[in-house]
Amino acid sequence: MADYKMHVLVCGGTGCKASQSELIKKNFQNQLEERGLDQDVQVIHTGCFGFCEQGPIVKIQPDNTFYVGVTPEDSREIVEEHLIKGRKVERLLYTDPTTLGQITESKNMDFYKKQVRVALRNCGFINPENIEEYIGNNGYAALGKCLEELSPEQAIQTIIDSGLRGRGGGGFPTGLKWDITRKVEHEQKYVVCNADEGDPGAFMDRSILEGDPHTVIEAMAICGYCIGANKGLVYIRAEYPLAIQRLKTALRQARQYGLLGQNILGTDFDFDIEIRYGAGAFVCGEETALIHSMEGKRGEPTFKPPFPSQEGYLGKPTNVNNVETFANVPPIITKGAEWFSSIGTEKSKGTKVFALAGKINNVGLIEVPMGTTLREVIYDIGGGIKNGKEFKSVQTGGPSGGCLTKAFLDTPIDYDNLLAAGSMMGSGGMIVMDEDDCMVSIAKFYLEFTLDESCGKCTPCRIGNKRLHEILEKITEGKGTPEDLTKLRMLSHVIKDSSLCGLGQTSPNPVLSTLDNFMHEYEAHINDSTCPAGQCKALLQYIIDDEKCTGCTLCFRNCPVGAISGEKRSPHYIDQTLCIKCGACYEKCKFDAIKIA
Amino acid sequence: MPKIKLAEKTITQIKEVCAKFNHEEGELINVLHQVQGRLGYLPAEVQEVIARELNMSVAKVYGVVTFYSFFTMLPQGEFPISICMGTACYVRGAEQVLSEFKRQLKIEVGETSADGKFSLSSLRCVGACGLAPVVTVGEKVYGRVSPQQVSKIIAEYQEGCPAESKSA
Ligand SMILES: Cc1cc2nc3c(=O)[nH]c(=O)nc-3n(C[C@H](O)[C@H](O)[C@H](O)COP(=O)(O)O)c2cc1C
Ligand code: SF4
Ligand code: FES
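Rules behind the numbers
Residues numbered from 1 in each chain as written. Chains lettered and ligands numbered in written order. Predicted model: local features only at pLDDT ≥ 70, side-chain atom pairs only at ≥ 80, totals over all residues. Heavy atoms only, no water. UniProt positions renumbered as here; feature names shortened; annotations may be inferred. Helix = DSSP H or I, 4+ residues; strand = E, 2+ residues; numbered from the N terminus. Buried < 20%, exposed > 50% of the residue type's maximum accessible area, 1.4 Å probe, protein only. Contact = heavy atoms within 4.5 Å. Domains from an automatic or database assignment. Near = heavy atom within 4 Å. Polar contact = N/O pair within 3.5 Å; in protein donor to acceptor, adjacent residues only side chain to side chain. Areas by Shrake-Rupley, 256 points an atom, 1.4 Å probe, with all protein chains shown as cover. Salt bridge = Lys/Arg side-chain N within 4 Å of Asp/Glu carboxyl O. Disulfide = S-S within 2.5 Å.

For chain B, an unreviewed UniProt entry supplies the name NADH-quinone oxidoreductase subunit E/NADP-reducing hydrogenase subunit HndA and the organism Sunxiuqinia elliptica. Heading Sequence similarities (unreviewed entry) of the UniProt record for chain B holds this comment: "Belongs to the complex I 24 kDa subunit family."

The name an unreviewed UniProt entry assigns to chain A is NADP-reducing hydrogenase subunit HndC, from the organism Sunxiuqinia elliptica. Quoted verbatim from the Sequence similarities (unreviewed entry) heading of the UniProt record, the comment on chain A is "Belongs to the complex I 51 kDa subunit family."

Here it is, written out as structure tokens:
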């Protein structure tokens, strides 16, 4: 990094941007200019640091001080105290929740200690809008090595030897896919990057594109060189404006530096990349649907074979890979297959990025070696369950995955173990649930998603999922019968077996896994008309505790349907036939007198 | 076919976009993105012009518009409110926030309030799961929204111009 003595890195990820990190950056700049320090200290917007829970995050280099929860007003103090006088602003340092001591550097925080960053290596370290920083961090060295030293076959062999498998969900060996596409003879082939990221509650791919767009560009060019393609396409969700903007900037810079375009690095290899926009359809993440969508059509999947490698975009051989898969490629080429395959488990090599969210203390973006256990992720990195509640379940694999119980906490995470446990790796969403989450409602939530997103092409998926949803709705309303449980299971298997694409084939997984792991909750809804988690409104009753009610009339005044009656200064009463269970009284009561039964 | 009653200016705008993409059928989605970006929504009349310009059937255009949730055939409110219903937000109580918005604005998801000010939609993950539950109003993102904060957010936009207030 140029001649600056110090750098202020401000997180520019979506989460921190939503908490005014743009203004924080501007304030820093103004503070520095006012003091004539803007030639000595550079302010940079980086990609996501990962520790979203503690955002907005500001890091000072070279001393690596990691400030958390920074507000725009704090910039003055950091400039005056830290940058000028060299005294750290203690109140903005991270406090370790167990020792209560303050930690200045991220590498000493539990959140980061067990992480190994391969795909995220540059996120939060470099300015994603400056190609020189990427190059300064060994960027485009892998492309150079391929073009100058390795034949396409040798480069593919390196990827095969590394054991890299697709990070988009399926886990197909990446090198093998490249090799297949290379061997299909055709004068026009395509490299496609799948940045559709449909799993709701996951933000890995967008963070990579926001924080390190050049790694994806470099890997796509390498892929093009290997399979014999000179055209790349990135299919990205239109809902990701920041990622799109960073990618566009990066493409422009790569062209300026001759790293895209004709005769790259003085060789006869030509390659360029275009952006295609998704328009909000989960099924478009499926590769055949994605290709139809790029052709301007409805994004409906088609039967495989032919695989995209044989007949893809515009009928030409097309290699589709996920963003994170691509992000692993450059380091594998520069550091070698052996280095990569030394990380991970026997059949799952390398690391995996997860978007850790839900009822967990440290929500954020993490990257761990394959084989790390769920317990390590949830407790050591994630800092345990929010508000000291009891852990109930962890969901991986998004709408195609399953809900695992405590019994699986010591399972090492890899493709095969998660499948065996009844869930799947998926693209990396990981949602933690606590005692307050009703598992029947969670299954219903995922089915609602599937219903919205089914393309409607096949009957089992279009209608079968609707029936599943109806049964679940019945159960959450307390109208379920024991036969419904058998029906759920049977129907689920029919849908799995007879749907065309991965969406339908996996859509009943949340139902099946909750049936397997949380049967007692289903039974409680059906047999006892109760929701153990207290989530299902139809099964709740709000009642007033006579002992605690002071007759302040606050509930009476807030009930939207006039279900509450009573004299001033004497206990009130809720008429259950009128109550719509909105919970307004429960939230308003200052005396804790309203109970949920 | 119903008579197209679009303003001349609007039709020119649509034609410009189609020309930019060489009237190619394969560019339909890009064309729709740009036209919706300019007009705000894609009513039937607009789809007819696009179909003519790209030399394809209106049914095909309609088929694509209705397939993708990003495209809308109804005009949005002046301040479009979206509640994230991604999993991370759902488990942190997005449903309650959504019902509070519905209750206070007296509209359902997909509708626009009578005064044309607010429209309500739900979306899936805006990528700020750390701030769940998340609500967006136009470009602005509100994090850790509780049902109690809903009236405050609405009030910010009620007076016409949004106050210079803080998110999260
Ligand atoms: C319903 C469905 C949704 C999918 N969504 C995505 C997605 O959002 N991102 C992704 O990379 N792959 C997704 N996939 C997997 C892709 O079809 C494809 O396997 C993947 O992009 C291949 O890349 P990889 O080998 O690098 O993982 C989805 C698959 C299905 C069946
Ligand atoms: S399984 Fe569902 S999403 Fe997939 S093709 Fe069939 S209807 Fe469409
Ligand atoms: S699930 Fe709401 S922002 Fe991600």
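Draft legend 1. Quick peek at the UniProt feature "binding site: [2Fe-2S] cluster" (unreviewed entry) in chain B. Cross-referencing UniProt, the feature "binding site: [2Fe-2S] cluster" (unreviewed entry) maps to C84(B), C89(B), C125(B) and C129(B) in the present numbering. In summary, the annotated positions, though distributed over 46 residues, converge in three dimensions, the widest C-alpha pair being only 9.3 Å. Structurally, the position occupied by C89(B) is in helix 5 (residues 87-91). Classification of C89(B) as buried rests on a relative accessible area of 2%. When sequence neighbours within four positions are dropped, the list of residues in contact with C89(B) reads C84(B), A94(B), A132(B), P133(B) and V134(B). As for its placement among the helices and strands, C125(B) is situated in the loop between strand 2 (118-123) and strand 3 (135-137). Using a relative accessible area of 4% as the deciding quantity, one classes C125(B) as buried. Setting aside residues up to four positions removed in sequence, C125(B) forms contacts with P200(A), G201(A), A202(A), R237(A), C84(B) and G86(B).

Draft legend 2. A look at the domain arrangement of chain B. We note that the domain assignment places domain 1 (8-67) and domain 2 (79-167) within chain B. Computed from C-alpha atoms alone, the centre-to-centre distance between domain 1 of chain B and domain 2 of chain B is 30 Å.

Draft legend 3. Geometry of the site of ligand 1. All names here are of chain A. Around ligand 1, 18 residues are found, and the nearest of them are G168, N194, N321, N322 and T325. A distance of 3.2 Å is found between an oxygen atom of ligand 1 and a backbone nitrogen or oxygen belonging to E197. In the environment of ligand 1, an oxygen atom lies 2.7 Å from a nitrogen or oxygen atom belonging to the side chain of N322. Computed on the free molecule, ligand 1 has an accessible area of 610 Å², of which 88% lies beneath the protein chains in the complex.

Draft legend 4. Local environment of the pattern of salt bridges. With the rule as written, the count across this model stands at 49 salt bridges over all chains. In this structure, E287(A) and K304(A) form a salt bridge, with 3.0 Å as the shortest nitrogen-oxygen distance. Of this pair, E287(A) sits in helix 12 (residues 287-294) while K304(A) sits in the loop between helix 12 and strand 10 (318-322), and the two are 17 residues apart along the sequence. For K304(A), a relative accessible area of 28% puts it in the partly exposed group. Here E25(B) ties to K60(B) by a salt bridge, and the two come within 3.5 Å at their closest N and O atoms. With E25(B) in the loop between helix 1 (8-20) and helix 2 (28-39) and K60(B) in helix 4 (residues 58-67), the pair connects residues that are 35 residues apart, well separated along the chain. What makes E25(B) partly exposed here is its relative accessible area of 36%. Three or more residues are tied together by salt bridges with common partners; here these are E53(A), K386(A), R92(B) and R144(B).

Draft legend 5. Quick look at the state of the cysteines. All names here are of chain A. As enumerated under the stated definition, the model contains 0 disulfides over all chains in all. Sulfur of C193: no disulfide; nearest cysteine sulfur belongs to C223 and is 10 Å away. For C193, a relative accessible area of 0% translates into the label buried.

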